[in-house]
Amino acid sequence: MSASRAEPRVIALPAIGSARRLVIKLGSALVVDPDAASPRQGWLGEVAADIAELRATGTEIIVVSSGAIALARRTLGLTQPRLRLEEKQAAAAVGQIRLAQAWTEALSGQGLTAAQLLLTMEDTEDRRRYLNARATLTTLLGLGCVPVINENDTVATAEIRFGDNDRLAARVAEMVQADQLVLFSDIDGLYTADPRLDPAASHIPVVTAMTAEIDAMGGEPPPGYSSGGMRTKLAAARIATSAGCAMAIALGHRPHPLRALADGARCTWFLAVQDGRSARKRWIAGSLSPVGWLTVDAGAARALGAGRSLLPAGVTAVTGDFARGDAVRVVGPDGDEVARGLSAYTSEDARRIIGHRSEEIETILGWRGRDELIHRDDLVLMS
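Bear in mind that the values here come from a model prediction, so they are computed numbers and not experimental data.

Student: I'm lost on the overall build of the protein chain in this one. Help?
Tutor: Secondary structure summary: the protein chain contains 14 helices and 17 strands in total. Radius of gyration (C-alpha) of the protein chain: 22 Å, near the 21 Å computed for a compact globule of 383 residues. Projecting the C-alpha coordinates of the protein chain onto the three principal axes gives extents of approximately 70 × 50 × 40 Å. Considering only intrachain contacts with a sequence separation of at least 6, the fraction spanning at least 24 residues in the protein chain is 72%. Only carbon and sulfur atoms are counted for the fraction: they give 51% of the accessible area of the protein chain, which is about 16,700 Å².

Quick look at the structure:
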C-alpha cells in the first residue's frame with residue numbers, strides 16, 4: 001500500500017472529543033425515511049444527544065444537513081427519479097420548513113437552540129458574502145446555537161449550485177476554521193474499490209495526502225435521494241485538508257453515530273495539511289468555480305514556483321470571461337494547473353496586456369493599474 005494511504009508507522013489519528021470546532025454532514029438517505037418520506041426523528045434525536053455530549057466538553061458543532069427535497073417529493077407528487085432544477089427548487093421551498101422543524105425538535109429536546117442557514121456556492125466564492133457568512137456562523141456559535149446548514153436550492157441556479165452537501169460542508173469547515181469535518185454516509189470509509197462491486201476491496205483507515213491514486217478511487221454517485229457519492233467526498237477531503245481541517249468518512253446508519261465514532265468505530269481519516277496558509281489563501285485555494293484561466297509560459301511557471309507574482313509578460317493566453325478580483329486558474333504550457341489566484345484585471349483588459357512588460361500597461365489601457373496580473377499575495381500554488 002502506498003505511503004499516501006496507510007503508513008506502516010503508527011499515526012496518531014484525530015479524536016472527535018478533542019476538536020474545538022466540528023462540522024458534521026448528514027445526507028438525505030440518513031435524515032429521511034424513504035418509505036414514510038418523513039424525518040427519522042428518533043435517529044435525529046440520538047444525533048442531537050451526541051451533539052449535546054460534545055458541547056458539554058467544549059466542542060462547538062455545526063450541522064450540514066440534506067433532506068429538504070426528499071421530504072417534499074411525495075407531498076408534491078414529484079416521485080420521478082430525476083427532477084428538473086425548478087422542481088428541485090419548489091421541493092426545497094416546501095421541504096426546508098419540515099427539515100428545520102425536525103432539527104428544532106431534535107435539538108430542543110437536548111436544551112439546544114437550532115439556527116438555520118441556507119447557502120449557495122456563490123456565497124462561499126464571493127469574498128464579501130463569504131466573510132458575512134463566517135461572521136454570522138461565528139456569532140451563532142458564540143451565542144450557544146447549533147447552526148444547521150443546507151444548500152439554498154430555492155434560489156441557486158445550475159451554474160451556482162454545489163449539487164451536493166459534501167463540498168458545501170468542506171467549505172463551511174474551511175470558512176469557520178474547524179478542526180474536524182465528519183461526513184456521515186452509508187459506508188464506513190474509503191476503500192481501494194467499490195466494496196459493493198469488488199469483494200476484494202480493502203478499507204483504508206487513514207489517508208495522509210490527497211493524490212491522483214486516491215482521487216481515482218471515487219466512483220459514481222449511488223442511486224436514490226443521494227447526489228453525492230465517494231467522488232464528492234474526496235473533493236470535500238481535498239478542500240478541507242488543504243485548509244488544515246482533518247476529515248472523516250464514517251457510517252451514519254447506526255445509533256448515536258458521533259458517540260460510536262468517538263468510541264473508535266471504523267472510518268477513514270484524511271489528515272490535515274499543515275502548510276501555514278493564511279485564511280485568505282485557503283479561501284483562494286478552495287475556490288470551487290474559478291471563472292477563467294491564464295496560460296503561462298515555462299519561465300512564468302518557474303517564477304511562480306519561486307514565490308513571485310504573475311506578470312503580464314509571462315502569460316500567453318486568457319480563457320473565459322471574468323471580472324477584477326475573480327478567482328482564475330493558472331495553467332502551464334502543458335495544461336496542468338500550477339496555481340490559482342485573484343485576477344487584478346478583467347478578462348478583457350488582461351487579453352490586451354498579456355505578453356507585454358508591466359511598464360507598457362498604462363500606454364495600452366490608458367490608465368495605470370497594478371504591475372502584476374496576479375499578485376503573489378493573491379496567489380496559491382496548487383502543487
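Student: What exactly am I supposed to notice about the sheet that holds strand 15 (residues 327–331) here?
Tutor: In any sheet, the strands associate via hydrogen bonds between backbone groups, in a parallel or an antiparallel arrangement. Across the sheet, five strands lie side by side as 14-13-15-16-17; this open sheet has mixed pairing. Edge positions in the sheet fall to strand 14 (315–320) and strand 17 (379–381), since each has one partner strand and no second. Between one strand axis and the next, the sheet turns through 20° on average, direction left out of account. In this sheet, strand 16 (residues 337–342) lies alongside strand 15 in antiparallel orientation, the contact comprising five bridges.

Student: I would appreciate a short explanation of the pattern of salt bridges in the present structure.
Tutor: Working definition: two side chains of opposite charge can pair if their charged atoms are close together. Considering all chains together, one arrives at 20 salt bridges under this definition. Across the pair aspartate 166 and lysine 25 runs a salt bridge, and its minimum N-O distance is 3.0 Å. Highlighted residues: aspartate 166 in helix 7 (residues 165–175) and lysine 25 in strand 1 (residues 21–26), separated in sequence by 141 residues. Neither residue differs from the other here; aspartate 166 and lysine 25 are each classed as buried. One salt bridge connects arginine 340 with glutamate 337, and the closest N-O pair in it is separated by 2.9 Å.

Student: What is the right way to read the nonpolar core from this model?
Tutor: For soluble globular proteins, nonpolar side chains are generally found buried alongside one another. Counting residues in each nonpolar core, the largest one holds 48 residues, and the members touching the most others are Val23, Ile149, Leu181, Leu190, Met247 and Phe270. With near-sequence residues (within four places) excluded, leucine 181 lies in contact with Leu22, Val23, Ala169, Ala170, Ala173, Ala240, Cys245, Ala246, Met247 and Ala248. Among the nonpolar cores identified, the runner-up in size contains 40 residues, and Ile51, Leu71, Leu112 and Leu258 belong to it.

Student: Looking at this model, I keep getting lost on the packing of helix 3 (residues 68–76) against helix 4 (residues 85–108). Mind explaining?
Tutor: For any two helices packed against each other, the geometry comes down to the angle between their axes and how far apart the axes lie. The contact between helix 3 and helix 4 brings their axes to 7 Å, and the two run at 110°. Our classification of the angle between helix 3 and helix 4 gives roughly perpendicular. Contacts from Ala68, Ile69, Leu71, Ala72, Thr75 and Leu76 of helix 3 reach helix 4 at Lys88, Ala90, Ala91, Ala92, Val94, Gly95, Gln96, Arg98 and Leu99. The class makeup of the residues in the contact of helix 3 with helix 4 is 10 nonpolar, three polar and two charged.

Student: I tried to follow the pairing of strand 12 (residues 267–270) on my own but got confused; where do I start?
Tutor: Across a regular strand the side chains alternate sides, sitting on one face of the sheet and then on the other. Of the two faces of strand 12, the one lined by Cys267 and Trp269 and the one lined by Thr268 and Phe270 are each fully buried. Where strand 11 (residues 246–251) meets strand 12, four bridges bridge the pair, whose relative direction is antiparallel. The residue bridging alanine 250 from the neighbouring strand is cysteine 267, located in strand 12.

Student: Could you clarify how one ought to interpret the sheet that holds strand 10 (residues 206–207) in this entry?
Tutor: If you trace the eight strands from one edge of the open sheet to the other, you get 5-6-4-1-7-11-12-10, paired in mixed fashion. With one partner strand each, in any of the chains shown, strand 5 (113–119) and strand 10 form the two edges of the open sheet. By the bridge criterion, six bridges tie strand 1 to strand 4 (residues 60–65) in an arrangement that is parallel. Paired with leucine 22 across the strands is isoleucine 61, a residue of strand 4.

Student: In this structure, what is going on with helix 7? I would like to understand it.
Tutor: Structural remark: α-helix, 3.6 residues per turn; residues separated by three or four positions point the same way. Taken across its 11 residues, helix 7 has 11 buried, putting it largely inside the fold. Considered for burial, the residues of helix 7 that qualify are Asn165, Asp166, Arg167, Leu168, Ala169, Ala170, Arg171, Val172, Ala173, Glu174 and Met175. Just beyond helix 7, the residue with positive phi is glutamine 177, at close to 55°.

Student: I keep staring at the environment of isoleucine 11 and nothing clicks. Help me out?
Tutor: Structurally, isoleucine 11 can be placed in the segment before strand 1. Spatially, the C-alpha atoms of isoleucine 11 and valine 182 are 19 Å apart, while their sequence positions differ by 171 residues.

Student: Is there a simple way to think about the environment of alanine 100 in this case?
Tutor: As for its placement among the helices and strands, alanine 100 is situated in helix 4. In the structure, alanine 100 is positioned 49 residues away from isoleucine 149 in sequence and 9.6 Å away in space, judged by C-alpha atoms.

Student: Could you clarify how one ought to interpret the side chain of threonine 59 in this entry?
Tutor: Residue placement: threonine 59 occurs in the loop between helix 2 (41–56) and strand 4. Polar contacts involving the side chain of threonine 59 include one to the main-chain carbonyl oxygen of alanine 19, which spans 2.7 Å. Those residues in contact with threonine 59, other than ones at most four positions away along the chain, are Gly17, Ala19, Arg20, Leu22 and Leu54.

Student: How should I be thinking about unusual backbone geometry in this particular structure?
Tutor: Trans is the common state for peptide bonds, and a negative phi is the common state for residues other than glycine. Residues other than glycine seldom take positive phi values, yet alanine 37 does so here, at roughly 55°. Note that alanine 37 resides in the loop between strand 2 (32–33) and strand 3 (38–39). Looking at alanine 37, the relative accessible area reads 6%, which means it is buried. Phi is positive for glutamine 177, which is not a glycine, with a value near 55°. One can find glutamine 177 in the loop between helix 7 and strand 7 (180–185). What makes glutamine 177 partly exposed here is its relative accessible area of 42%.

Student: It is not clear to me how the pairing of strand 6 (residues 145–151) should be interpreted in this structure. Could you clarify?
Tutor: The buried fraction of strand 6 is high, at seven of seven residues. Alternating positions in strand 6 separate into two faces, Cys145, Pro147, Ile149 and Glu151 on one and Val146, Val148 and Asn150 on the other, with burial throughout. Summarising the sheet, strand 4 and strand 6 pair through two bridges and their orientation is parallel. Paired with valine 64 across the bridge in strand 6 is isoleucine 149.

Thresholds, definitions, all that
Residues numbered from 1 in each chain as written. Predicted model: local features only at pLDDT ≥ 70, side-chain atom pairs only at ≥ 80, totals over all residues. Heavy atoms only, no water. Helix = DSSP H or I, 4+ residues; strand = E, 2+ residues; numbered from the N terminus. Rg over C-alpha atoms; globule rule 2.2 N^0.38 Å. Contact = heavy atoms within 4.5 Å. Areas by Shrake-Rupley, 256 points an atom, 1.4 Å probe, with all protein chains shown as cover. Pairing = 2+ DSSP bridges. Axes fitted to C-alpha atoms, helices over the stretch in contact; angles between N-to-C directions. Salt bridge = Lys/Arg side-chain N within 4 Å of Asp/Glu carboxyl O. Buried < 20%, exposed > 50% of the residue type's maximum accessible area, 1.4 Å probe, protein only. Core = buried A, V, L, I, M, F, W, Y, C linked by side-chain atoms within 4.5 Å. Parallel < 35°, antiparallel > 145°, perpendicular 65-115°, else oblique. Nonpolar A, V, L, I, M, F, W, Y, C, P; charged D, E, K, R; others polar. Polar contact = N/O pair within 3.5 Å; in protein donor to acceptor, adjacent residues only side chain to side chain.

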